[in-house]
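Architecture at a glance
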Amino acid sequence: MSQPLLTLYSDANYFSPYVMSAFVALTEKGIPFELETVDLADAENLKDHYSAISVTRRVPTLTNGSFVLSESSAIDEYVEELFPAPTFPAIYPDDAEKRAKAREVQAWLRSDLMPIREERSTEVVFGGKKCPALTPKGQAAAEKLISAAERLLEDRENLFGEWCIADTDLALMLNRLRLNGDAIPEKLAAYAEAQWQRPAVKEWLALSAK
């Protein structure tokens, strides 16, 4: 049986952390897919041709034939179910509780820590931008992130033993600080750097560096 033709829609600069999550998920699975770009700076996502595809008018959006899905964590979970282990590499833990925790981490990173996202945009992560010192709100969010990451990781190299897609998402948030030169514990800096060396992540970084 031939595999379905998947298309992933990305921002034109490849700066979206959410597209990155979906891109890494697909790449880790080893699934062929097409990559299309949407120029957010030109509001292309709001124009008729893209709004006809994506109900949310956001990126990422994944199409699989006539099926269309937006929101990165939903895409990650869909890809895991569509191409399950052991036939394909797993991107979520096999254990139900660990898998639930991975989804918790993903949901938290997407819904909280807004001061970090505002004061350390992905231009820091992918474009080499340097930002001024964190505001008190930003520092409080950074301390919250650091405390949670230390508790989640303990002394492990990955969140739940084997790598999962939540590791990429957590490393992205930590790298907002690390790559700006903000102080974070050495253990967390080493974790974030190690996650950035995964081949699938490096493929994404090569796109954003063009």
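Residues numbered from 1 in each chain as written. Predicted model: local features only at pLDDT ≥ 70, side-chain atom pairs only at ≥ 80, totals over all residues. Heavy atoms only, no water.

**Overview of the packing of aromatic side chains**
Quick note on the threshold: Between the rings of Phe, Tyr and Trp (Trp by its six-membered ring), a pair exists once the centres lie within 6.5 Å; its type follows the angle of the planes, with under 30 degrees stacked, over 60 edge-to-face, and the other angles tilted. Helix and strand definitions follow DSSP, with helices as H or I runs of at least four residues and strands as E runs of at least two, each counted in order from the N terminus. Exposure is judged per residue with a 1.4 Å probe applied to protein chains only, and the accessible area is read against the type maximum: over 50% gives exposed, under 20% gives buried, and values in between give partly exposed.
Here the structure, examined in full by the defined rule, presents 8 aromatic pairs. Both rings, one in Tyr14 and one in Trp204, keep their centres 5.6 Å apart while their planes meet at 85°; by these two values the pair is edge-to-face. Note that Tyr14 is positioned in the loop between strand E1 (6–11) and helix H1 (17–29) and Trp204 in helix H10 (residues 199–208), a separation of 190 residues in sequence. For the pair formed by Tyr14 and Trp204, the shared burial category is buried. Look at Phe23 and Trp204: their rings are 5.3 Å apart centre to centre, the planes differ by 55°, and that puts the pair in the tilted class. Of this pair, Phe23 sits in helix H1 while Trp204 is found in helix H10, placing the two residues 181 residues apart along the sequence. Like Trp204, Phe23 is buried.

**Remarks on the nonpolar core**
Spelled out, the test is: Think of a nonpolar core as a cluster: buried Ala, Val, Leu, Ile, Met, Phe, Trp, Tyr and Cys residues, connected wherever their side-chain atoms sit within 4.5 Å. Those domain boundaries reflect an automatic or database domain assignment. Contacts are assigned to residue pairs with any non-hydrogen atoms lying within 4.5 Å of each other.
Within the largest apolar cluster, 66 residues are counted, with the highest numbers of intra-cluster contacts made by Phe126, Leu145, Leu159, Leu170, Trp196 and Trp204. The two domains that each donate at least three residues to this core are domain 1 (6–89) and domain 2 (96–198). Leave out the neighbours within four places in its chain, and Phe126 touches Tyr14, Phe15, Met20, Leu172, Trp196, Trp204, Leu205 and Ser208.

**Here we look at the sheet that holds E1**
What counts here: For two strands to be treated as a pair, DSSP must find no fewer than two bridges joining them. In this analysis an axis means a line fitted to C-alpha atoms, helices contributing only their contacting stretch, and an angle means the value between N-to-C directions, from 0 to 180 degrees.
Judged by pairing direction, the sheet is mixed, and its 4 strands sit side by side in the order E2-E1-E3-E4 without closing on themselves. The sheet is open, and its two borders are formed by strand E2 (33–38) and strand E4 (67–70), each paired with just one other strand. Neighbour-to-neighbour, the strand axes of this sheet turn through a mean angle of 20°, independent of strand direction. Judged from the 4 bridges that link them, strand E3 (residues 61–64) and E4 form a sheet pairing that is antiparallel. Bridge assignment links Asn64 to a residue of E4, and that residue is Phe67. Sheet strands in contact with H1 are E1, E2 and E3, and its direction is about 150° off that of E1.

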